[in-house]
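Analysis of the macromolecular model
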Amino acid sequence: MPRKVHVPGQAQNDLPETHVCFILDESGSMSTRLVQVLSGFKEYLDTIKAEAGHVHFGLTLFNTACRVAYAGVPVAEVVALTKATYRPGGNTSLYDAIAEAVEAQEHRLAEVREPWRVLCVVMTDGEENSSQRWTKARIAELIQGREATGRWSFAYLGADQQAWQEAAAIGMPVGSTATYNVRHTETAFRAMGMATVAYASNPAMATANFYEGVKALTADAETESADEVRVWTKQLPKARRAR
């Protein structure tokens, strides 16, 4: 069951139309955590459905190839992943996946009302090694160009310390970059759900500090929640945690 998240904010009718694009690694290395990924992603979805049901959701899965499973549909219509629909294997075409998710979302935005905003969340346990269409320089230009509109936000969650270098190289904001220990994959999804709910409940059109939502939501939470967030943040370099 998803943890109940209480977020002070405006009524849903006062918020921009909110689109969340989740870009999830499906490369071979994720196979060792298959059960945790399926369980964690289900909890992530359940949390958004319960606490931010106004969100429209997109899901792009990637390994050597990329596939857009959803693009801008009401989150209530999104079905949790299963062993039949999430089958890790192959390499990591991260750059192509980000571009395809953005392209699919932009096609969908041509049909939606104003105002709207988009959050793209990347979760991966490895580095780019197989994109065919997009280079590091081009994907950085794409991300920074969308952010410059004031409507797009990007967040990055990587499974090791190299995540900082990889995220920075493609233009991800420091305040929206985090690492996680692969032994705590489900905890990472839980924290991501909390941060997504905080974003979706805030009227701001964009954020460069996506993970601040986790801190805010757990500041007065029970001990268990606080401990989980410490697991989430303990690997972050001290210099990057400093305010």
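Cut-offs used in this document
- Every chain begins its residue count from 1, and numbering advances along the sequence as written.
- Under the rules for a predicted model, residues below a pLDDT of 70 receive no local features and side-chain atom pairs below 80 are neither given nor counted, while totals for whole chains, interfaces and linings still include all residues.
- To get the side-chain values, all heavy atoms of the structure are used, and hydrogens and water are removed first.
- The secondary structure listing takes helices from DSSP runs of H or I that are at least 4 residues long and strands from runs of E that are at least 2 residues long, numbered from the N terminus.
- When a residue's accessible area, from a 1.4 Å probe over protein chains only, is under 20% of the maximum for its type it is buried; when over 50% it is exposed; and in between it is partly exposed.
- Pairs of residues are marked as contacts when any of their non-hydrogen atoms sit within 4.5 Å.
- Methods summary: accessible areas were calculated by the Shrake-Rupley approach with a probe of 1.4 Å, and residue burial reflects only the protein chains presented.
- Pairs of strands are assigned from DSSP output, requiring at least two bridges between the strands.
- We call a crossover right-handed when, viewed with the strands running away from us, the connection from the first strand over the helix to the second turns clockwise.
- A helix's residues, less one, multiplied by 1.5 Å, set its expected span.
- In the sections that follow, a salt bridge refers to a side-chain nitrogen of Lys or Arg positioned within 4 Å of a carboxyl oxygen of Asp or Glu.
- The axes are straight lines fitted to the C-alpha atoms, using for helices just the contacting stretch, and the angles between their N-to-C directions are given from 0 to 180°.
- Working definition of a nonpolar core: buried Ala, Val, Leu, Ile, Met, Phe, Trp, Tyr and Cys residues. They are joined through side-chain atoms within 4.5 Å.
- Confidence of the predictor in every single residue is expressed as pLDDT, which spans 0 to 100.

Along its length, the protein chain carries eight helices and six strands. Overall, the protein chain shows an N-to-C arrangement of helices and strands of β-α-β-β-α-β-α-β-α-β-α-α-α-α. Burial status across the protein chain gives 52% buried among its 243 residues. Within the protein chain, contacts between residues at least 6 apart in sequence are counted, and of these 78% link residues at least 24 apart. Here the protein chain has roughly 10600 Å² of accessible surface; of this, 50% comes from carbon and sulfur atoms.

For strand β4 (residues 116–124), the tally of buried residues reaches nine of nine residues, placing the bulk of the element in the interior. Because side chains alternate across β4, one face comprises the buried residues W116, V118, C120, V122 and T124, and the other comprises R117, L119, V121 and M123, equally buried. As defined by bridge partners, β4 adjoins strand β5 (residues 152–158) across seven bridges and the pair is classed as parallel. For C120, the partnering residue across the bridge sits in β5 and is F154. On the question of chirality, the crossover connecting β4 to the parallel β5 by way of helix α3 (residues 136–147) is right-handed.

Attention now moves to helix α5 (residues 185–200). In this model, α5 (16 residues) spans 23 Å end to end at C-alpha, consistent with the 22 Å of a helix rising 1.5 Å per residue. The element α5 is extensively covered by neighbouring structure, given that 14 of its 16 residues are classed as buried.

The next subject is the environment of P115. Residue placement: P115 occurs in the loop between α2 (94–109) and β4. Among the residues examined, P115 registers a relative accessible area of 39% and is labelled partly exposed. A C-alpha to C-alpha distance of 9.1 Å links P115 and R151, two positions 36 residues apart in sequence.

Further remarks concern the pattern of salt bridges. Throughout the structure, instances matching the rule amount to ten salt bridges. For the salt bridge of E26 with R67, the shortest nitrogen-to-oxygen distance reads 2.9 Å. Of this pair, E26 sits in the loop between β1 (17–25) and α1 (34–51) while R67 is found in strand β3 (residues 66–74), placing the two residues 41 residues apart along the sequence. With a closest N to O distance of 2.9 Å, R190 and E43 form a salt bridge.

Backbone hydrogen bonds hold the strands of a sheet together, and the pairing may be parallel or antiparallel. Spatial ordering of the open sheet is given by β3-β2-β1-β4-β5-β6, a layout of six strands whose pairing is mixed. The two strands at the open ends of the sheet, each matched to only one other strand, are β3 and β6 (177–179). Between one strand axis and the next, the sheet turns by 15 degrees as a mean value, whatever way the strands run. Sheet topology note: the β1/strand β2 (residues 56–62) ladder contains seven bridges and is parallel. From the neighbouring strand, H19 faces β2, where its bridge partner is H56.

Of all hydrophobic cores here, the largest spans 39 residues; its most connected members are F22, L24, F41, Y44, F57, Y86 and F210. Mapped by element, the contributors of at least two residues to this core are β1, α1, β2, β4, β5 and α5. Discounting residues that sit within four places of it in the chain, F210 has contacts with L119, V121, A155, G175, S176, M192, A195, T196 and Y199. Residues L109, V112, W152 and Y156 belong to the second largest nonpolar core, which totals 28 residues.

A few words now on the confidence of the model for the protein chain. The predicted model of the protein chain has a mean per-residue pLDDT of 86, with 82% of residues at 70 or higher. Taken element by element, the predicted model of the protein chain shows its lowest mean pLDDT in helix α8 (residues 238–241) (39) and its highest in β2 (98). For residues 1–9, every residue scores under 50 in pLDDT, and the model assigns this stretch 22 contacts once sequence neighbours within four places are set aside. Here residues 217–243 is modelled with pLDDT under 50, and outside its nearest four sequence neighbours on either side it reaches 39 contacts, counting other chains as well.

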